[in-house]
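Structural description and commentary
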Amino acid sequence: MKRNYGLDGARPRAVRWSISLWVCAVAAGVGETLVQVARAALGALPPDGLAVQVLMRVLVYTAVLLLVLRLRRGERAVRLAVAVLVGGVGTLSMIGQPIFAVAQGVAWSDAWLDGSGAWAWTFAALRAVHVVAVLGGLVLLFVPASNGFFRPRVTGVRATG
């Protein structure tokens, strides 16, 4: 049975937008990393452990990007992996610490901004884009049009006789 990708044979718009948002999230994460590297290079941030952090982010963002690009194939396991690992665990890694800090009585601005001035606001803006893109990409993975795209494929019918 052939998949119904729409009248033009393309993937559903929701899936295409979801993939675009996931790629946007990766780009925002790379931007966050570059801001931190620039801050350290200019002495505005202590460079302690920065090299390891950058290496980890390069590995994670590369893996996420490769996984997200596999969404184009309509593989259910990939959709689940992206949802749980990137949408769930990844989001918690970005927002968990600031939420916990606010719950402990830390001021909102101190919890969400890493420092002060233009660097902090640039990082915060990139982080906001990152989180919104992840949440949008996650939602679009599970709208009805996407659900149809990620249904199991029927590869053929075996004749019994």
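Residues numbered from 1 in each chain as written. Predicted model: local features only at pLDDT ≥ 70, side-chain atom pairs only at ≥ 80, totals over all residues. Heavy atoms only, no water.

**Some details on the overall build of the protein chain**
On a plain count of helices and strands, the protein chain comes out with six helices and zero strands. When the helices and strands of the protein chain are listed from N to C terminus, the series reads α-α-α-α-α-α. A burial count over the protein chain gives 32% of its 161 residues as buried. Restricting the contact set of the protein chain to residue pairs at least 6 apart, pairs at least 24 apart contribute 75%. As presented, the protein chain carries roughly 10,000 Å² of accessible surface, and 68% of it is formed by carbon and sulfur atoms. (Helix = DSSP H or I, 4+ residues; strand = E, 2+ residues; numbered from the N terminus. Buried < 20%, exposed > 50% of the residue type's maximum accessible area, 1.4 Å probe, protein only. Contact = heavy atoms within 4.5 Å. Areas by Shrake-Rupley, 256 points an atom, 1.4 Å probe, with all protein chains shown as cover.)

**What to know about helix H1 (residues 13–41)**
With 29 residues, H1 should cover 42 Å at 1.5 Å per step; its first-to-last C-alpha distance of 42 Å lies within 8% of that length. Of the residues trailing H1, Gly43 is marked for its positive phi of about 80°. (Expected span 1.5 Å × (residues − 1).)

**So, the packing of aromatic side chains**
Scanning the model with the defined rule gives two aromatic pairs in all. Ring centres of Phe149 and Phe150 lie 5.1 Å apart, and the angle between their planes is 80°; this geometry places the pair in the edge-to-face category. Taken individually, Phe149 and Phe150 each receive the classification buried, so the pair is uniform in this respect. (Phe/Tyr/Trp six-rings, centres within 6.5 Å; stacked < 30°, edge-to-face > 60°.)

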